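# Fold and geometry: a report
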Amino acid sequence: MTTPNQPTPEVKELAVVLFNKPEIKAKFQPILGAGTDAYIQSALLCISDNPKLLECTPQSLVKSAHRSAALGLSLDPALRQAFMIPRYNKQVKGQVAYF
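Attention here is on the structure that accompanies the text.

Attention now moves to the side chain of Ser74. Structurally, Ser74 can be placed in the loop between helix H4 (58-70) and strand E1 (85-89). When near neighbours in sequence (up to four residues on either side) are disregarded, Ser74 contacts Tyr39, Ser42, Leu79, Gln81 and Ala82.

What follows is the structure, encoded as structure tokens:
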């Protein structure tokens, strides 16, 4: 049973599916090389730790993760190098993730 502040398992699964698409992984591969899968797992951990991020647009989640990867910063919450922050955007009329 989920509480009002927790996303449903289906929403979390959508994030996993999104980041595991071959075209998304291909964006990270030139930057991360063999560490792509580990980095994507840390991004998914970051996203699942903050239910508000699951309300963000999929494109903004990928863009934020890609930007932090390009700067060589981990999204792993334990390392505290980089964070994804959900913000309301008037142009897209919804939540977007910023790095």
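Per the counting criterion, the structure on display carries 2 salt bridges. With a shortest N-O distance of 2.9 Å, Lys25 and Asp37 are connected by a salt bridge. One end of the pair, Lys25, is in helix H2 (residues 22-32); the other, Asp37, is in helix H3 (residues 36-49), with 12 residues separating them in the sequence. Classification of Lys25 by relative accessible area gives partly exposed; the value is 24%. As a salt-bridge pair, Lys52 and Glu55 come within 3.8 Å of each other at their nearest N and O atoms.

Below, the discussion takes up the nonpolar core. As a rule of thumb, soluble globular proteins bury nonpolar side chains together. Counting residues in hydrophobic clusters, the biggest one holds 21 residues, and the most contacted among them are Phe19, Phe28, Leu75 and Met84. Elements with a minimum of two residues in this core: helix H1 (9-19), H2, H3 and H4. Of the residues forming this core, the biggest block, 6 residues, is contributed by H3. Contacts of Phe19, omitting those with residues within four sequence positions, involve Ile24, Lys25, Phe28, Ile40, Ala43, Leu44, Ile47, Leu61, Val62 and Ala65.

If you walk through the whole model with that rule in mind, you get 2 aromatic pairs. Considering the side-chain rings of Phe19 and Phe28, the 6.5 Å spacing of their centres and the 45° angle between planes classify their relative orientation as tilted. With relative accessibility at 1%, the residue Phe19 sits in the buried group. Geometrically, the ring pair formed by Phe28 and Tyr39 is tilted, given 6.3 Å between the ring centres and 35° between the ring planes. Of this pair, Phe28 sits in helix H2 while Tyr39 sits in helix H3, and the two are 11 residues apart along the sequence.

On to the packing of H2 against H4. With their axes 10 Å apart at the nearest point, H2 and H4 run at an angle of 10° to one another. By the angle between their directions, the pair H2 and H4 is classed as roughly parallel. Counted together, Ile24, Lys27, Phe28, Ile31 and Leu32 of H2 and Val62, Ala65, His66, Ala69 and Ala70 of H4 form the full contact between these two elements. Here the residues of the contact of H2 with H4 sort into 8 nonpolar, 1 polar and 1 charged.

Calculation rules
- Residues numbered from 1 in each chain as written.
- Predicted model: local features only at pLDDT ≥ 70, side-chain atom pairs only at ≥ 80, totals over all residues.
- Heavy atoms only, no water.
- Helix = DSSP H or I, 4+ residues; strand = E, 2+ residues; numbered from the N terminus.
- Contact = heavy atoms within 4.5 Å.
- Salt bridge = Lys/Arg side-chain N within 4 Å of Asp/Glu carboxyl O.
- Buried < 20%, exposed > 50% of the residue type's maximum accessible area, 1.4 Å probe, protein only.
- Core = buried A, V, L, I, M, F, W, Y, C linked by side-chain atoms within 4.5 Å.
- Phe/Tyr/Trp six-rings, centres within 6.5 Å; stacked < 30°, edge-to-face > 60°.
- Axes fitted to C-alpha atoms, helices over the stretch in contact; angles between N-to-C directions.
- Parallel < 35°, antiparallel > 145°, perpendicular 65-115°, else oblique.
- Nonpolar A, V, L, I, M, F, W, Y, C, P; charged D, E, K, R; others polar.

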